[in-house]
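If you want the building blocks of each chain, they are given just below.
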Amino acid sequence: MFERKSGIILIAGIGFFALAFLSNAVVPVLMYQHMPEKSVKELINGNLRYQFEDLAQRFPEAFEKAYGQPPADPEQASTWYNDHCESALKLGHQIYVGEGCWHCHSQFVRPVSNEDRRWGPVSKSWEYQNELQRPVMFGTRRVGPDLCREGGRRSSDWQAVHFFNPEALSVGSPMPRYPWLFDGAPDKPTIRGLALLTYIQWLGSWHETYPYYEDYIPVPIKTASKTE
Amino acid sequence: MSAGTNVVTADRNFPKHQDLVEERLVLWYFVAALTFMTVSMLAGTLMGLQLIRHNPLPAIEILSPGRWRMIHTNAIAYGFLANAFLGIMHWVIPRLTLRPCLNRQLSYLIFAAWQFVVLATAVGLIFGQAQGLEWGETPVWIDPVAQLGLLLVAINFGAPILQTRGPMYVTLWYYLAALVWTFLTYAMGNFVPEYFVCGSSAGAVGGLFIHDLVGLFVTPLGWGMMYYFVPILLKRPMWSHGLSLVGFWGLAFFYPLQGIHHFLYTPIPMFLQYGAVLSTIALELVVVTVIINFVGTLYGTGGLVVTNLPLRYFYTGILFYFLTCLQCALQVTMTFQALIHFTDWVVGHAHMVMFGVFSMWQLGVMTYLVPRILKTEWYSTKWCEWHYWASAGGLLVMSGDLILGGLFQGWSWAALQPWDASIRLSLPFWSVRLVAGLVIFAAQLLFLLNFYLTWRNAPRSTSVTEPASGLATA
Ligand code: HEM
């Protein structure tokens, strides 16, 4: 059996492979069955919508060039923003994957190595049950910092200049420049630039700690206003 | 059935070598492999330069370092390693089974199809169409073609293996299993996390894929090759058949179970993570038996391993294999993971496995086969020596440097230093890595040149297009 074709094909080739697939892949799939996968549309939340409309304020010409004018009617404008936000998220995700950002940036905070103090709460499975995590963007290498709590942490201006030329903001940064996401200047992001900005601002926008800053302590006024 | 009796006999009853082995195709595969190796190293150099902020060609979209990093790994896996393996299998399988591959035209078709797959992958990556799966970045539209290619490979090589009678030699266990595994692994990794599951479950499948690609495609093809060539070069059978059995079945059982060890401390359920850690450590024990078997085979052959260059390649690779596996047993523990995951430690480990082990083996086999196929000596055996020393030395420096650098990165992060502190401390390590990489690169270029000049020297009468008659020497 151990040196014969049938044993090798059936037991080793198929049997052991299937055993591993069942125990290592089917088990988590079944465990997370109660958390259905969210579509991109369902991922748009208040924080993200705020950031997306903020892009329209910061880069009015670029935004109009990419998406046109929102309808005057507030109701329709809202759907309009949502639709474009959805397509921007999708395109942004595609760029994030295509540029290999995920080979330099991870998207999960581990419960060790003081990571929760640097980046915020440890990642949980529910955060990943969505279309943009298919395949999951955990990442395996950090040349740059983790990004899963990046949304809202820096302004879109900062992010745009940083994509245009990281060294302008972060002296000695080994992160590559991405000028092809812009029309020649950091205040002129193309539709791809706007999409990547949207995607980056989305990261962590679902979390109650959004926006997360290291060792952030809420100012007293905020606490006071809550008690009122 | 031992390798010895199987290979060297040139009895009239046995089919002739030239009816079995399509030598020209073996050479073509080697040329393709070395070409993609060059592409991959160019890409690695670009990324290496980017990290030390000396990218000579920044701000050009199709030279985006992130994209080229994916070309670096994909060109090595599918361009170099896979091509070299296919070429070597075209030599080994017909000679072991005494049957040619299923169909000569099919063999050439597969060659063309595979080059198309690798080239298309590279082009797709350059234009930013990557799939978000490590080692599976091949754009999604190519996946079905590659899958079909793997099916054809399995059929073409499977046919002669399946026609053999009775128990098979060790090499064929590994090869046969690898043909099944590679097909299944590719299908699982490229389609399941892309279309069917998301989030942590996709992570679990992705981990399985990363791991199975190394463990169930590269490793069995590599060991199968070693079980074939080492006894031939040493002119003696493997030391212990029992240990060969333990090695194969241990690998087959434990290897697929450890995928999740690539994603420790993620939201993937903890008990699955512990399972992966345990089976990883179990596999190290199996690996030790394999190493013992090969050292046992070598024992008492005097200085052959020093004087015989291909053998030296093989045993250097085996030494690195032992080192990586030892490293693996350490780094897979949760304590170690906390420190070294995400750092250059892992990159050092990856280079040691992919280059130090599998590429060294393949380069050794090429060093051995090329003069046999071309029927002339190497243009320069001295260059062959240089190739060996620069490859082995460069790799040793590169991975030692990265492994050490990884520790410092991990400590810097855990100490909550600002991020740029970890960048600053990495710069010396990244610089040394680049220099070591360039040494490795230069060595491969020298090998290519040597290959070319040897080919040019090859006797016309026994040109590779029509295999010479009466050659059945090992
Ligand atoms: C010119 C020589 C080489 C240079 C300069 C080089 C450089 C690099 C760089 C910069 C990375 C990215 C590391 C990171 O993300 O921090 C990398 C990754 C990698 N390289 Fe190379 N490399 C070279 C040769 C090779 C060879 C010969 C192989 C295999 C045969 C190889 C296999 C890999 C693998 C597997 C990875 C992925 C590591 C991981 O994701 O953990 N490299 N290399």
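The structure displayed is predicted, hence computed values, not measured ones.

### Topic: the overall build of chain A
For step 1, the next point in the chain: Tallying secondary structure elements over chain A gives ten helices and zero strands in all.
For step 2, the next point in the chain: Its helices and strands in sequence order give chain A the pattern α-α-α-α-α-α-α-α-α-α, from N to C terminus.
For step 3, the next point in the chain: Summarising its shape, the C-alpha atoms of chain A cover approximately 75 × 45 × 45 Å along the three principal directions.
For step 4, the next point in the chain: Taking all 228 residues of chain A together, 53% fall into the buried category.

### A few points about the site of the ligand
For step 1, the next point in the chain: Close to the ligand lie 25 residues; R141 of chain A together with M41, R69, H72 and H351 of chain B are nearest.
For step 2, the next point in the chain: At the site occupied by the ligand, nearby residues are drawn from chains A and B.
For step 3, the next point in the chain: Contact distances for the ligand include 3.2 Å between an oxygen atom and a side-chain N or O atom of E134 of chain B.
For step 4, the next point in the chain: The side chain of H351 of chain B places a nitrogen or oxygen atom 2.7 Å from a nitrogen atom of the ligand.
For step 5, the next point in the chain: Those elements that provide at least two residues to the shell around the ligand are α3 (23–51), α4 (65–97), α14 (344–374) and α16 (419–457) of chain B.
For step 6, the next point in the chain: In terms of residue count, the dominant contributor to the shell around the ligand is α14 of chain B (eight residues).

### Concerning helix α7 (residues 156–164) of chain A
Every α-helix winds through 3.6 residues per turn, so residues three or four apart in the chain are directed the same way.
Residues and elements named next belong to chain A.
For step 1, the next point in the chain: Within α7, the full set of buried residues consists of S156, Q159, A160, H162 and F163. What you see down the axis of α7 is that its buried residues fit within an arc of 165°, all on one side.
For step 2, the next point in the chain: Each element contacted by the buried residues of α7 is listed here: α3 (46–58), α8 (166–169) and α9 (191–202).

### Some points on the interface of chain A and chain B
For step 1, the next point in the chain: Listed as interface residues are 73 residues of chain A and, on the opposing side, 89 residues of chain B.
For step 2, the next point in the chain: Summed over both partners, the interface of chain A with chain B comes to about 6900 Å²; 67% of that surface belongs to carbon and sulfur atoms.
For step 3, the next point in the chain: Considering only the side of chain A, the residues that lose the most area to chain B are E3, K5 and F17 of chain A, jointly responsible for 11% of the buried surface there.
For step 4, the next point in the chain: On inspection of chain A and its partner chain B, the count reaches four salt bridges.
For step 5, the next point in the chain: Notably, a salt bridge pairs E167 of chain A with R53 of chain B, separated by 3.9 Å at the nearest N-O pair.
For step 6, the next point in the chain: Our enumeration of links across chain A and chain B arrives at 30 residue pairs in polar contact (both at pLDDT 80 or more).
For step 7, the next point in the chain: Looking at the side of chain A that touches chain B, the elements that each hand over two or more residues are α1 (5–31), α5 (74–98) and α6 (115–119) of chain A.

### Quick word on the confidence of the model for chain A
For step 1, the next point in the chain: Overall, the prediction assigns chain A a mean pLDDT of 92, with 94% of residues at 70 or greater.
For step 2, the next point in the chain: Mean pLDDT across the secondary structure elements of chain A bottoms out at helix α10 (residues 220–227) of chain A, with 54, and peaks at α9 of chain A, with 97.

### Examining the coordination of the iron atom of the ligand
Six octahedrally arranged donors around a metal ideally form angles of 90 or 180 degrees; four tetrahedrally arranged donors ideally form angles of 109.5 degrees.
All names here are of chain B.
For step 1, the next point in the chain: The iron atom of the ligand binds to the protein through H72 (NE2) and H351 (NE2); the donor distances cover 1.9 to 2.0 Å.
For step 2, the next point in the chain: One way to put it: the six donor atoms around the iron atom of the ligand meet at angles of 85 to 180°, and that makes the site octahedral. Residue H72 is located in helix α4, and its partner H351 is located in helix α14; the two are separated by 279 residues in the primary sequence. The same class applies to H72 and to H351, which are both buried.

### Thoughts on the environment of L304 of chain B
Residue and element names in this part refer to chain B.
For step 1, the next point in the chain: If you trace the backbone, L304 turns up in helix α11 (residues 304–307).
For step 2, the next point in the chain: We classify L304 as partly exposed; its relative accessible area is 30%.
For step 3, the next point in the chain: Sequence separation between L304 and L234 is 70 residues; the distance between their C-alpha atoms is 7.9 Å.
For step 4, the next point in the chain: When near neighbours in sequence (up to four residues on either side) are disregarded, L304 contacts L233, L234 and L311.

### Quick look at the environment of P139 of chain B
For step 1, the next point in the chain: Counting through the fold element by element, P139 of chain B comes out in the loop between α5 (104–126) and α6 (143–163).
For step 2, the next point in the chain: If we skip the residues at most four places from it in the chain, P139 of chain B touches T121, G124, L125 and Q129 of chain B.

### Let's talk about the pattern of salt bridges
All names here are of chain A.
For step 1, the next point in the chain: Per the stated rule, a full pass over the model turns up 22 salt bridges over all chains.
For step 2, the next point in the chain: Here E86 ties to K41 by a salt bridge, and the two come within 2.9 Å at their closest N and O atoms. With E86 in helix α5 and K41 in helix α2 (residues 40–43), this pair connects stretches of sequence that are 45 residues apart.
For step 3, the next point in the chain: Salt bridges sharing partners connect three or more residues here, namely K41, D83, E86 and K90.

### Brief notes about α5 of chain A
For step 1, the next point in the chain: Over its 25 residues, α5 of chain A runs 35 Å from end to end, which matches the ideal 36 Å to within 8%, given 1.5 Å per residue.
For step 2, the next point in the chain: Positive backbone phi, approximately 70°, marks G100 of chain A, located one or two places after α5 of chain A.

### Thoughts on the packing of aromatic side chains
For step 1, the next point in the chain: What the rule picks out here adds up to 53 aromatic pairs over all chains.
For step 2, the next point in the chain: With centroids separated by 5.2 Å and ring planes inclined at 70°, the aromatic side chains of F2 of chain A and W249 of chain B adopt a geometry described as edge-to-face. Placement of F2 of chain A in the segment before α1 and of W249 of chain B in helix α9 (residues 241–254) is noted, with the two residues assigned to different chains.
For step 3, the next point in the chain: By relative accessible area, F2 of chain A is classed as partly exposed at 42%.
For step 4, the next point in the chain: Ring centres 5.1 Å apart and planes at 45° place the aromatic pair W223 of chain B and F294 of chain B in the tilted group. Of the two residues, W223 of chain B sits in helix α8 (residues 199–234) while F294 of chain B sits in helix α10 (residues 270–298), which places them 71 residues apart along the sequence.
For step 5, the next point in the chain: The class for F294 of chain B is buried, based on a relative accessible area of 0%.
For step 6, the next point in the chain: We note R118 of chain A situated over the ring of W119 of chain A; from NZ or CZ to the ring centre the distance is 5.6 Å.
For step 7, the next point in the chain: Across from the ring centre of W158 of chain A, 4.0 Å away, lies the NZ or CZ of R154 of chain A, which sits over that ring.

### A closer look at the nonpolar core
For step 1, the next point in the chain: The biggest cluster of nonpolar side chains holds 165 residues, and the ones touching the most others in it are W223, F229, F294, F314 and Y315 of chain B.
For step 2, the next point in the chain: With 22 residues, the top contributor of residues to this core is α8 of chain B.
For step 3, the next point in the chain: In contact with F229 of chain B, not counting residues within four places along its chain, are I88, W91, V92, F314, V365, Y368 and L369 of chain B.
For step 4, the next point in the chain: Grouped together as the second largest cluster of nonpolar side chains are 48 residues, V97, A195, L197 and I200 of chain A included.

### Some remarks on unusual backbone geometry
For step 1, the next point in the chain: Here the bond from R134 of chain A into P135 of chain A is cis, since omega is -10°, no more than 30 degrees from zero.
For step 2, the next point in the chain: Mapped onto the elements of the fold, P135 of chain A is located in the loop between α6 and α7.
For step 3, the next point in the chain: P211 of chain A follows Y210 of chain A through a cis peptide bond whose omega is -10°.
For step 4, the next point in the chain: Here P211 of chain A lies in the loop between α9 and α10.
For step 5, the next point in the chain: Of note in the backbone geometry, K235 of chain B takes a positive phi value of approximately 55° without being a glycine.
For step 6, the next point in the chain: With respect to the helices, strands and loops of the structure, K235 of chain B is situated in the loop between α8 and α9.

Basis of the calculations
Every chain begins its residue count from 1, and numbering advances along the sequence as written. Lettering for chains starts from A, numbering for ligands starts from 1, and both go in the order in which the items are written. Only residues with pLDDT of at least 70 are given local features in this predicted model, and only at 80 or more are side-chain atom pairs given and counted; all residues enter the totals for whole chains, interfaces and linings. Only hydrogens and water are set aside; all other atoms, that is, all heavy atoms of the structure, feed into the side-chain values. Starting at the N terminus, helices and strands are each numbered in turn, a helix being any DSSP run of H or I of at least four residues and a strand any DSSP run of E of at least two. A 1.4 Å probe rolled over the protein chains alone gives each residue an accessible area, and that area as a share of the maximum for its type sets the label: buried under 20%, exposed over 50%, partly exposed in between. Distances are taken per atom, and a residue is near a molecule or strand as soon as one of its heavy atoms is within 4 Å of it. Any pair of N or O atoms that falls within 3.5 Å is considered a polar contact. Within protein, one atom must be able to donate a hydrogen and the other to accept it, and sequence-neighbouring residues count only if both atoms are side-chain atoms. Starting at the helix axis, one direction is taken to each C-beta atom, and the arc is that of these directions. Whether two residues touch is decided by their heavy atoms; if any such pair falls within 4.5 Å, the residues are in contact. The buried area of a pairing is the accessible area, by a 1.4 Å probe, that goes missing from both parts when the two are put together, added over both. Note on definitions: salt bridges are taken to be side-chain nitrogens of Lys or Arg within 4 Å of carboxyl oxygens of Asp or Glu. Within a predicted model, pLDDT stands for the predictor's per-residue confidence, ranging from 0 to 100. Metal donors were taken as nitrogen, oxygen and sulfur atoms no farther than 2.8 Å from the ion, or 3.2 Å where the ion is Na, K or Ca. Water is excluded, so coordination may look unfinished. Any site counts as irregular unless it has four donors with all angles between 85 and 135 degrees, making it tetrahedral, or four or six donors with opposite ones more than 155 degrees apart and the rest between 65 and 115, making it square planar or octahedral. Multiplying 1.5 Å by the helix residue count minus one yields the expected span of that helix. Only Phe, Tyr and Trp rings are paired, with Trp represented by its six-membered ring, and only when their centres lie within 6.5 Å; those with planes under 30 degrees apart are stacked, over 60 edge-to-face, the remainder tilted. By definition, being over a ring means that NZ of Lys or CZ of Arg is both within 6 Å of the ring centre and within 35 degrees of the ring normal. Each nonpolar core is a collection of buried residues, namely Ala, Val, Leu, Ile, Met, Phe, Trp, Tyr and Cys, held together in the definition by side-chain atoms within 4.5 Å.

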